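# Structural overview for review
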Amino acid sequence: MKIGLLGFGVVGRGVYDIIAKRDDMQVAKVLCLEDITLPDAEVTRDFQSIICDDSIDTVVEAMGGLHPAYEFVRAAMEAGKNIVTSNKALVCTFYDELMPLAKEKGLIIFDAVTMVHMPNYEKIRKLIKEIGEIKMVDINFSQYSSRYDKFKKGIVLPALDKKMAGGALMDLGIYNINFTMGLFGKPKKVSYYANIQKGIDTSGVLVM
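The paragraphs below set out a description of the structure included in this document.

## Examining the side chain of Lys-81
Its place among the elements puts Lys-81 in the loop between α3 (69-78) and β5 (82-85). One buried charged residue, Lys-81, forms no salt bridge at all, with the nearest opposite charge on Asp-54 at 5.0 Å. A polar side-chain atom of Lys-81 sits 2.6 Å from the main-chain carbonyl oxygen of Ile-56.

The structure is reproduced here in structure tokens:
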């Protein structure tokens, strides 16, 4: 499998390092605006060179933020590339736009939420059936955002930008949602009680 990697930040470097250890996969090209050299991959600033490369069958999106990641992902799918995305913000357009396109093109689009694919999670999934009827599940994912101090000063970065699908629910809460739905399925009813500052949820409680 030959891969085109979009972005070479923290996530992109992690993806590259993991794939470099495998024999069945290769990062062929990396989209990066910085001048870097990689031993086994071509570094390019030209997105078109990735999606026009017929040897690349899968694009891994590791850019973060909703734009331009969405445009890049959609263009890659239009060009017949399978998609793996680490971008939680793309879930906003997943079912309405990207999933129908994937079905139309016969492509795979995969949300790389690693937690639900880990061995310990699979163990929980098996054992949960043995502990009796479950009345309540309480899951907490809380941390002080490294972007919050700037947010208070009026500097709004993507993780806290409503236009970029930011906010506590989209940035961290999505992990709790994946964890819960992977064990119990789709909820019958959902309510979200959020603390709103400057038009964005900086924390909140989701009841499913």
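Right, picking up where we left off after that structure.
## Looking at the pairing of strand β8 (residues 200-207)
Taken together, the seven bridges between strand β7 (residues 191-197) and β8 define a ladder with antiparallel strand orientation. Paired with Tyr-193 across the bridge in β8 is Val-205. Linking two consecutive strands that pair antiparallel, namely β7 and β8, is a turn of two residues; a positive phi of about 55° is found at Lys-198 within it.

## Re the pattern of salt bridges
Counted by the stated rule, this structure contains seven salt bridges. Between Asp-24 and Arg-22 there is a salt bridge, with the nearest N and O atoms lying 2.8 Å from each other. Assessed through its relative accessible area of 41%, Arg-22 is described here as partly exposed. The shortest N-O distance in the salt bridge between Asp-149 and Lys-152 comes to 3.8 Å. Here the residue Asp-149 and the residue Lys-152 both occupy positions in helix α6 (residues 148-152), the gap between them amounting to three residues, near one helical turn. With relative accessibility at 48%, the residue Lys-152 sits in the partly exposed group.

What counts, and at which threshold
Residues numbered from 1 in each chain as written. Predicted model: local features only at pLDDT ≥ 70, side-chain atom pairs only at ≥ 80, totals over all residues. Heavy atoms only, no water. Helix = DSSP H or I, 4+ residues; strand = E, 2+ residues; numbered from the N terminus. Buried < 20%, exposed > 50% of the residue type's maximum accessible area, 1.4 Å probe, protein only. Lys, Arg positive; Asp, Glu negative; His and termini not counted. Salt bridge = Lys/Arg side-chain N within 4 Å of Asp/Glu carboxyl O. Polar contact = N/O pair within 3.5 Å; in protein donor to acceptor, adjacent residues only side chain to side chain. Pairing = 2+ DSSP bridges.

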